[in-house]
Protein chains: 2
Amino acid sequence: MSTLVEVGRLAGVTPATVSNVLRGRGRVSESTRERVLAAVQQLGYRPNLNARALVKGRPQTIALIVSSIANPFYPEFALAVEQAVRKHDYFLLMCNTNNDPAQETAYLDAVGGSLAQGVLVMNADFLRVDELIELRRRNMPVVLCMWEKPDLQPELPCVAVDFYQAGVIAAEHLIKLGHQRIGAVVGSEPTGNHQWRYKGFCDTLARAEIAHPPEDVRFTNDTIDAGRNAAHGLLAAVPDLTAIFVSNDLPALGVLQAAADLGLEVPADLSVIGITDIQFAHQVRPALTTVSVPIDEAGELAVQLMMEVIADGEKQVPRMLVTSTPQLVVRASTGRVRRSRD
Amino acid sequence: MSTLVEVGRLAGVTPATVSNVLRGRGRVSESTRERVLAAVQQLGYRPNLNARALVKGRPQTIALIVSSIANPFYPEFALAVEQAVRKHDYFLLMCNTNNDPAQETAYLDAVGGSLAQGVLVMNADFLRVDELIELRRRNMPVVLCMWEKPDLQPELPCVAVDFYQAGVIAAEHLIKLGHQRIGAVVGSEPTGNHQWRYKGFCDTLARAEIAHPPEDVRFTNDTIDAGRNAAHGLLAAVPDLTAIFVSNDLPALGVLQAAADLGLEVPADLSVIGITDIQFAHQVRPALTTVSVPIDEAGELAVQLMMEVIADGEKQVPRMLVTSTPQLVVRASTGRVRRSRD
DNA sequence: CTGAAAGCGCTAACAA
DNA sequence: TTGTTAGCGCTTTCAG
């Protein structure tokens, strides 16, 4: 690993000059520039990013904290974020807390130790928000990535997706198809992450004067297996459901499986709709009808907001960027009510 | 962001002493230790990792280069790597080249500029291996993560998975079920990444004296869509296939879809087997029979090898760590030959 | 247009 | 047991 002074020595100039030609600062004569560039080439010089980060006070790194990359939604988002971050010449540090508070603390400490210039946080739920606010107080830029409630500004800058509206859209679709008894599988606690989606769904049903008694809903986890189990329970308890609203695609895939297990035809016997539109949604059979959320856009906005926050420095006023509205994507898992099951 | 000197000032000692208590080096009296710790607490001090990296010559960061995190296999592996890396107190830098040479070069340059202490490379294929060897010559530890040919040592240290054997296992399973005309969908060029898997398959067929003419194979890409299209073509051209070997789970999922499209019952009309056992393999219906490769183990071995290489310093002898053998996982997509299709 | 010098925050001898 | 010193590789005034 050669250094600036070695390059300088080879080119017969001082390190300062090398630094200048390398970043196009200061006026340098054509001849020295060429000599320097040649030396750089010859030595295969690469600037030491740590040294640079040290003198600049902050590294060219943004951390993305997610609870688990195992959920296929996160990689999709992480990819979007990474691309966006690269456009601004930053690097992405992946931080999987894996729902482990110890990991999370370790990451936050490291980031606080200027391992990164800012933190993008995916699942504010799984993190002790206090720690984030604490971090922010230390002038560490923090941006929340997937705030689910656009009409409620959290204490930190965030990118919001209108998941309430996604719930509304899903419900409207089902209602329009003539469904009158619609079950729900929610991939979180009643007061958890998915509550707004469910609320959008419920409010819409109420507006259409469609009954939705408490036994028609199951609260569970955000996984395929959980979705399948919940659907089994739900369908056993309430056999005359003709449709199920699921708060996320992953459990929706599980509901689809439960239908298959029970010999139910989708959508003839049962319609299923999810939310998010992860890649796999259109790769299962029957392909999943869902309400797509703008993942890439959210990633880009998050990074954009991060850049603003970084630029603003001290006066980090909490701010919210809202993505475009989720969109209905009709595929094969929803259809008109045809007949009641026997 | 407070610094060592500030902490020292508050505790009435010099930065060196603070450094010592913080890392348990040198003998420090109990009383000063306590005073220092209190000061650290009070100021919320976090060591500046850049400064540390600079003086130590290398940061606590390992880079993982993958061609695209969009392929669901990579996140699974990335997760495993991240966990392993954390166990050694390193951080993981995610580097998605996205099959873009410019990105790749940018990453490699950055890593060369000591953004990371070592590089884990997922898809040696997509990278100009020369660049990696060049990097290694600069004393940058490089480890290849998923070498497919255990009996051929590449020029760099690597973790190998016996994919040839995986092909053998898949073929044996199909043969044992009585299949005599077995098609193949390979998710790479004939000389690409998946060639060894396919070779294992072919050799096994030959050993069993089962014919496998060239028209029974399709070479395509490693995606669901590609698998589906290839299967459509294959089944149209060779209708009397009773089973299809697929070199990876993703295209195997596509083959399953093609079967559904064509009204073929799996496995009654057609058996399908994949390789890898990604999470989704058991979450589609019919669940995919596959040959599982030890993803977590590969991740751990890769990191372990990386630690060795880092410790060894100069004398980086190329070395290979081989994971345990892939295992047959029988699910619902393969079965005995029942009848020929009409 | 180029050089000299200081300093980012930390660690690691070596002194005291 | 603690302090002093030097320096990691780079950027950035400020002089020349």
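Scroll up for the structure.
Overview of the structure. Predicted, not measured: the structure shown is a model, and the values here were computed from it. (Residues numbered from 1 in each chain as written. Chains lettered and ligands numbered in written order. Predicted model: local features only at pLDDT ≥ 70, side-chain atom pairs only at ≥ 80, totals over all residues. Heavy atoms only, no water.)

1. Quick look at the side chain of H173 of chain A
As for its position among the elements, H173 of chain A is in helix α8 (residues 163–176). Once you skip the residues sitting within four places of it in the chain, H173 of chain A turns out to touch I273, T289, L328, V330 and T334 of chain A. (Helix = DSSP H or I, 4+ residues; strand = E, 2+ residues; numbered from the N terminus. Contact = heavy atoms within 4.5 Å.)

2. Comments concerning the packing of helix α6 (residues 101–115) of chain B against helix α7 (residues 129–137) of chain B
Residue and element names in this part refer to chain B. Across the interface, α6 lies against α7 with an axial gap of 11 Å and an inter-helix angle of 5 degrees. In terms of axis orientation, α6 runs roughly parallel to α7. Across the interface between the two elements, E104, T105, L108 and G112 of α6 pack against E131, L132 and L135 of α7. Of the residues belonging to the contact of α6 with α7, the class tally is three nonpolar, two polar and two charged. (Axes fitted to C-alpha atoms, helices over the stretch in contact; angles between N-to-C directions. Parallel < 35°, antiparallel > 145°, perpendicular 65-115°, else oblique. Nonpolar A, V, L, I, M, F, W, Y, C, P; charged D, E, K, R; others polar.)

3. Brief notes about the packing of aromatic side chains
Any two aromatic rings considered together are summarised by their centre-to-centre distance and by the angle between their planes. All names here are of chain A. Here the structure, examined in full by the defined rule, presents 13 aromatic pairs over all chains. Taken together, a centroid distance of 4.3 Å and an interplanar angle of 10 degrees make the contact between F201 and F245 stacked. With a gap of 44 residues between them, F201 in helix α9 (residues 195–207) and F245 in strand β8 (residues 243–246) connect regions that are remote in the sequence. You can call F201 buried: its relative accessible area is 0%. F245 gets classed as buried once you look at its relative accessible area, which sits at 0%. (Phe/Tyr/Trp six-rings, centres within 6.5 Å; stacked < 30°, edge-to-face > 60°. Buried < 20%, exposed > 50% of the residue type's maximum accessible area, 1.4 Å probe, protein only.)

4. Some thoughts on the protein's contact with DNA strand D
Close to DNA strand D lie 24 residues, the nearest being L4, Y45 and R52 of chain A together with R27 and T32 of chain B. The protein-proximal atoms of DNA strand D, defined as those within 4 Å of the protein, are 78% sugar or phosphate. Between DNA strand D and S19 of chain A, the relevant distance is 2.9 Å, taken from a phosphate oxygen to a side-chain nitrogen or oxygen of the residue. The separation between a phosphate oxygen of DNA strand D and a polar side-chain atom of T32 of chain B is 2.8 Å. When contributions to the surface near DNA strand D are tallied by element, the ones reaching two or more residues are α2 (15–22) and α4 (49–56) of chain A together with α2 (15–22) and α4 (49–56) of chain B. The dominant element in the surface near DNA strand D, judged by the number of residues it contributes, is α4 of chain A, at four residues. (Near = heavy atom within 4 Å. Polar contact = N/O pair within 3.5 Å; in protein donor to acceptor, adjacent residues only side chain to side chain.)

Don't take any of this as a statement about function, it's just geometry.
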